[in-house]
Every structure is written in C-alpha cells, then in structure tokens.
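Coordinate inspection notes
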Amino acid sequence: MGRTTVTKALVTTGYETQEPEVLIPRGGVAEDLNLLPKLPSGSEVRNYVLADGTVTRLILIPNAVQVWVLENDREVGGIMAHAAVSERADEVLLSDKLVSKLGIVLLDIGEGIWCFKDEIGKTVRRSL
C-alpha cells in the first residue's frame, strides 16, 4: 500500500464500531490509497445496519489505513484503522472509536465546534 491522501472527513456519533474504522468511498479515496481493485488479504464483505434500519454491504479491510488529523497548529494521529469501502458513500466518515482514539471532542455538532481532548476549556476549533 504505502500511499497517502488528504481529504475532509465527517465526524458523527452514529457510526458505532468495536474498533477504529473509517468509511471510505470506493470511487475516489479507496482507489487513491490503492485499496482496490485487488483486495488485501483478510478483507471481507460485511453487512452494516444503518441508522434508518436498512442494511448495506461494505468491504471491510482490516488495519488498512493510518488516520491523522491535520490542523494548522498541530498534527494528531497515526491511528491504525480498518477501512470500510462503500459503493454509495461520497464522503469519508470516522467511526466513534476512531474519533475517540484521535482525541476529538465534539462541543457543538450542529455548529461544527470541536477541540482535542487536551484542549477542553482552552481551545475551540471550527469545522470548515
């Protein structure tokens, strides 16, 4: 693998996983990272239940990516995460466990206000 890409990602409390995971659109980011078309060993197709109760099938690639948060004043990360590749997604989405490992704290989800765990009460960041 060994490829890098920079992209925006969504953070939500509804993407619940047992381990750090990132949902990646098949068409862009997955191909940029060279995860497709040849799947790495250990990959599997899994059913995921969405918030509305519908079921979708995603390709799960274990320990496929390292995730970083890049801000003007700091970089946080290097967190190893599973990649869930989606045919229908058009944005990258971070799971609850990945958000936690990255030390991201959501202060006001609707307004896009957040900080890192070590910045609580000191720094407020805004999503772009």
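The paragraphs below set out a description of the structure included in this document. Everything numeric in this text was worked out from a predicted model, so none of it was measured. (Residues numbered from 1 in each chain as written. Predicted model: local features only at pLDDT ≥ 70, side-chain atom pairs only at ≥ 80, totals over all residues. Heavy atoms only, no water.)

Quick notes on the overall build of the chain
- The helix and strand inventory of the chain stands at two helices and nine strands.
- Helices and strands appear in the chain in the N-to-C order β-β-α-β-β-β-β-α-β-β-β.
- Taken over C-alpha atoms, the radius of gyration comes to 15 Å for the chain, in line with the 14 Å a tight globule of 128 residues would show.
- Principal-axis analysis of the C-alpha atoms places the extent of the chain at approximately 45 × 35 × 25 Å.
- Long-range pairs, those at least 24 residues apart, make up 54% of the contacts in the chain with a sequence separation of at least 6.
- Accessible surface, the chain: about 8200 Å² in total, of which carbon and sulfur atoms supply 48%. (Helix = DSSP H or I, 4+ residues; strand = E, 2+ residues; numbered from the N terminus. Rg over C-alpha atoms; globule rule 2.2 N^0.38 Å. Contact = heavy atoms within 4.5 Å. Areas by Shrake-Rupley, 256 points an atom, 1.4 Å probe, with all protein chains shown as cover.)

Observations concerning the side chain of T17
- Tracing the chain through its elements places T17 in the loop between strand 1 (9-11) and strand 2 (21-25).
- Residue classification places T17 among the buried positions, given a relative accessible area of 9%.
- Within polar-contact distance, the side chain of T17 engages the side chain of S95 at 3.0 Å.
- Those residues in contact with T17 that lie beyond four places of it in its chain are S95, D96 and K97. (Buried < 20%, exposed > 50% of the residue type's maximum accessible area, 1.4 Å probe, protein only. Polar contact = N/O pair within 3.5 Å; in protein donor to acceptor, adjacent residues only side chain to side chain.)

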